[in-house]
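Notes for the structure review
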Amino acid sequence: MDSLYNTGVFNGFAATIVDTTGIIYNQGFGYANVNKKKKYTENTIINIASISKVFIGAALLKAKEMNVIDLDDPINTHLPFQVINPNHPNELITIRQLATHTSSIVDTDIYMETCYVNKDDIPLAENLKEKYGLYYQNPSKNWIPLKEYLGKILQKDGLFYNASTFSKRKPGAVYEYSNIGAALCALVIESATKKPFNEFTRDHIFKPLQMSSTSWFFEDVDHTNYSKLYFDNEELPYYKILSYPDGGLITSSTDLGKFLTELIKGYSGHGTILNSNSYNAFFKSQLDEQAFESKKNYNVGLFIEKELPYHVIGHTGGDPGTNTMMFFDSETKTGRIFITNTDSKKENSGAVFWGIWNALGKY
């Protein structure tokens, strides 16, 4: 691991191994703040991008246990506004379709241009605008609540509404990865439970697992432990995400290790935050082979990915300045986490990334 860090690709990262007993390896490498020479440690916090969606899955199943939703409910049963695919106006979109990325709601440039808010209104360097411009177009004053933002995107008279947000495929027909659909599922949970999604996950996931450094919002975490974000050696401004449940969770490798341990325990029949029926539904392959047009030997649970040849279950994540991996092996009951604060264009960046990941798998 030291030699891989010393290649100079990643400014800072954390690498973690867990099993059903808990965290068995958890180490930070490099710097959370290069200029101040502040070390990246197992307690450094950073947004983990799309791994956040796995928490939507856990929250969804907790809401089902509370008997406030059913996975096959039409989403409009619970939402404060109506969401209809204009290409298939008579087809009902269900919660399960949101959770399996088959809802026919798709990400567009409009979503990318509107959902990222420049947290501190720090200008993006000119040489990075071609790569990251979509993420930093909106000033901090543009922050609005999840319900309001999704209404603007998905309601027919909404400010950001465009028919291209809806696929020409029927709901339930084809797997099409959707950030906006994931955020909408979080709003379904929020509406059905009558509690803000951030508070629901805090009460039913973070607190029971003692994830004390984890939150969806900057205001609720210790800023002094937050890593800087980088593109190679250039520091990136912080950003906030209006559709925050799809990728905005802030956490440490230590806290994420607690969550991954719980997932492995749940898969093994000994989970604590969900019952066994919920965990069975969480990890069960949800789709037929025909649903995947470009992926082979792949399936999904509820907001969780399954790479079938490698018998691993988990999720990846990527946003400006952060790249993440979290998977567990369903046979060995061990899991791996990799979190880095660096995007890189260096020629060896891919080899180093996978070198770190594969080194963790040798345990």
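Residues numbered from 1 in each chain as written. Predicted model: local features only at pLDDT ≥ 70, side-chain atom pairs only at ≥ 80, totals over all residues. Heavy atoms only, no water.

Points about the sheet that holds strand β6 (residues 229-231)
Spatially, 3 strands are ordered β7-β6-β15 in an open sheet, and the strand pairing comes out mixed. In this open sheet, the two edge strands, each paired with only one partner strand, are β7 (234-236) and β15 (342-343). Pairing analysis gives 3 bridges linking β6 to β7, with the strands arranged antiparallel. Residue pairing across strands places Phe-231 opposite Glu-234, the latter belonging to β7. (Pairing = 2+ DSSP bridges. Helix = DSSP H or I, 4+ residues; strand = E, 2+ residues; numbered from the N terminus.)

Brief notes about the packing of aromatic side chains
Aromatic rings considered in pairs are described by the distance between their centres and by the relative angle of their planes. The full count for this structure, using the stated rule, is 36 aromatic pairs. Seen in terms of ring centroids, Tyr-226 and Tyr-238 are 5.0 Å apart; in terms of plane orientation they differ by 70 degrees. Their pairing is edge-to-face. On the criterion of sequence distance, the pair formed by Tyr-226 in the loop between α8 (197-206) and β6 and Tyr-238 in the loop between β7 and β8 (239-241) is long-range, its members being 12 residues apart. With respect to class, Tyr-226 is no different from Tyr-238; both count as buried. These aromatic residues form a ring-pair network of at least three members: Phe-55, Trp-143, Phe-197, Phe-206, Trp-216, Phe-217, Tyr-244 and Phe-259. Its end group placed over the ring of Phe-218, Lys-119 keeps NZ or CZ at 5.0 Å from the ring centre. (Phe/Tyr/Trp six-rings, centres within 6.5 Å; stacked < 30°, edge-to-face > 60°. Buried < 20%, exposed > 50% of the residue type's maximum accessible area, 1.4 Å probe, protein only. Lys NZ or Arg CZ within 6 Å of the ring centre and 35° of its normal.)

A few points about unusual backbone geometry
Even without a glycine there, the phi angle at His-101 is positive, about 60 degrees. Assessed through its relative accessible area of 5%, His-101 is described here as buried. Its identity as a non-glycine residue notwithstanding, His-311 has a phi of 40 degrees, on the positive side. Mapped onto the fold, His-311 is located in the loop between β11 (305-307) and β12 (312-319). The class for His-311 is partly exposed, based on a relative accessible area of 27%.

Observations concerning the layout of surface pockets
The calculated volume of the largest pocket comes to roughly 380 Å³. Along the wall of the largest pocket there are 18 residues; nearest its centre are Tyr-310, Val-312, Phe-327, Arg-336 and Trp-357. Listed by contribution, the elements that provide at least two residues to the lining of the largest pocket are β11, β12, β13 (322-329), β14 (334-340) and α11 (349-360). Top contributing element to the lining of the largest pocket by residue count: β13, with 4 residues. Split by residue class, the lining of the largest pocket holds 9 nonpolar, 5 polar and 4 charged. By volume, the second largest pocket is sized at about 270 Å³. If you go around the second largest pocket, you meet 17 residues; those closest to its centre are Lys-38, His-223, Thr-224, Tyr-226 and Tyr-238. Of all elements in the fold, only β2 (22-33) and β3 (38-39) reach the threshold of two or more residues within the lining of the second largest pocket. (1 Å grid on protein atoms, 1.4 Å probe; cavity = no way out; pocket = protein on both sides within 12 Å on 5 of 7 lines; lining within 4 Å. Points joined across faces, edges and corners; volume = space filled by probe spheres on them. Nonpolar A, V, L, I, M, F, W, Y, C, P; charged D, E, K, R; others polar.)

A look at the nonpolar core
Counting 95 residues, the largest nonpolar core has Phe-55, Leu-184, Phe-259, Leu-263 and Phe-282 as the members making the most contacts within it. For this core, the leading source of residues is helix α7 (residues 179-193), giving 10 residues. Grouped together as the second largest cluster of nonpolar side chains are 16 residues, Val-9, Phe-353, Trp-357 and Leu-360 included. (Core = buried A, V, L, I, M, F, W, Y, C linked by side-chain atoms within 4.5 Å.)

Details of the UniProt feature "domain: Beta-lactamase-related" (unreviewed entry) in the protein chain
Feature annotation in UniProt places "domain: Beta-lactamase-related" (unreviewed entry) on residues 10-346, given in this structure's numbering. A helix fraction of 26% and a strand fraction of 21% characterise residues 10-346, whose end C-alpha atoms lie 10 Å from each other. (UniProt positions renumbered as here; feature names shortened; annotations may be inferred.)

Describing the sheet that holds β3
On the basis of which strands lie adjacent, the open sheet formed by 8 strands has the order β3-β2-β1-β14-β13-β12-β11-β10 and antiparallel pairing. Across the chains shown, the open sheet's two edge strands, defined by having one partner strand only, are β3 and β10 (298-300). In the sheet, β13 pairs with β14 via 7 bridges, with the strands oriented antiparallel. Paired with Phe-328 across the bridge in β14 is Gly-335.

Remarks on the pattern of salt bridges
Within the structure shown, the criterion is met by 12 salt bridges. Taking the shortest distance from any N to any O, the salt bridge between Lys-170 and Glu-91 comes out at 3.9 Å. Of this pair, Lys-170 sits in the loop between α6 (146-154) and α7 while Glu-91 sits in the loop between α2 (52-65) and α3 (95-99), and the two are 79 residues apart along the sequence. Given a relative accessible area of 43%, Lys-170 falls into the partly exposed group. One salt bridge connects Lys-195 with Asp-203, and the closest N-O pair in it is separated by 2.7 Å. A relative accessible area of 23% means that Asp-203 is categorised as partly exposed. Each member of the salt-bridge network shares a partner with another, and the members are Lys-195, Arg-202 and Asp-203. (Salt bridge = Lys/Arg side-chain N within 4 Å of Asp/Glu carboxyl O.)

Comments concerning the pairing of β2
The pairing of strand β1 (residues 12-19) with β2 spans 8 bridges and is antiparallel. If you follow Val-18 over to β2, its bridge partner there is Ile-23. Linking two consecutive strands that pair antiparallel, namely β1 and β2, is a turn of 2 residues. Of the strand pairs in this sheet, β2 and β3 are connected by 2 bridges, and their pairing is antiparallel. Residue pairing in the sheet places Tyr-31 in a bridge with Lys-39 of β3. Hairpin connection between β2 and β3: a loop of 4 residues separates the two successive antiparallel strands, and Lys-37 in this loop has a positive phi of roughly 55 degrees.

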